[in-house]
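Commentary on secondary and tertiary structure
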Amino acid sequence: MTMNNAQKALLAVGLAIVLFLGLATGFHWTGVGAAGGVSVSDAVVQYYERMPDDIYKIPVPDLKAALDAGGKGLYIVDIREHKDFVQGHIPGAHNIPFKEVGRRLNELPRNQRIIVYCYTGQTGGQTVAALTIAGFDARSLNGGMNNGWAAANLPTEAGE
């Protein structure tokens, strides 16, 4: 498989996240992980073998249409700082700030597609890579809140 620059950057981010997850969660580099799952090296192999053509992104219009249709099967996670979340977020989103995602994986459903968004899409992409390695079905909102959702003048809600 030939990789373009975006895919190469995603690979670098994915490898950095694997290292972070390995250190943060106590996974072993070989054998079975501390939680009884697959090894980190096996998870990385599975991640790249399952990589779809869309590189784990969802366009703003697609998310809006899915939400307008009831949002069935979606779990939206806002990884921005809590202070920004309470000022305005996508309706129905759950706030798990970026730095807390690794410690709060148990709060995420495994039977729904997780839509992650941040400010501009950068840390959303990193989070999706980590979630995918951890076995979740995740997508990043293209453009995040600032360059995606808000730029399209779509509705937000304030508060918790």
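Small disclaimer: the values here were computed from a predicted structure and weren't measured. (Residues numbered from 1 in each chain as written. Predicted model: local features only at pLDDT ≥ 70, side-chain atom pairs only at ≥ 80, totals over all residues. Heavy atoms only, no water.)

Let's talk about the pattern of salt bridges
- One pass over the full model with this rule turns up seven salt bridges.
- For the salt bridge of K83 with D84, the shortest nitrogen-to-oxygen distance reads 3.5 Å.
- Given a relative accessible area of 54%, K83 falls into the exposed group.
- The salt bridge partner of D137 is R113, with a shortest N-O separation of 3.2 Å. In this pair, D137 sits in the loop between α5 (122-133) and β5 (138-141) while R113 sits in strand β4 (residues 113-117), placing the two residues 24 residues apart along the sequence.
- Judged by relative accessible area, which is 33%, D137 ranks as partly exposed.
- Its relative accessible area of 30% is what places R113 among the partly exposed residues.
- Among the charged side chains, a network of salt bridges with common partners joins E100, R104 and E107. (Salt bridge = Lys/Arg side-chain N within 4 Å of Asp/Glu carboxyl O. Buried < 20%, exposed > 50% of the residue type's maximum accessible area, 1.4 Å probe, protein only. Helix = DSSP H or I, 4+ residues; strand = E, 2+ residues; numbered from the N terminus.)

Notes on the pairing of β5
- Where burial is concerned, the two faces of β5 agree: the one with A138 and S140 and the one with R139 and L141 are both buried.
- With three bridges joining them, β4 and β5 adopt parallel strand pairing. Following the sheet pairing, V116 is matched in β5 by S140.
- As a crossover connection, the stretch from β4 through α5 into β5 is right-handed. (Pairing = 2+ DSSP bridges. Right-handed = clockwise from strand over helix to strand, strands pointing away.)

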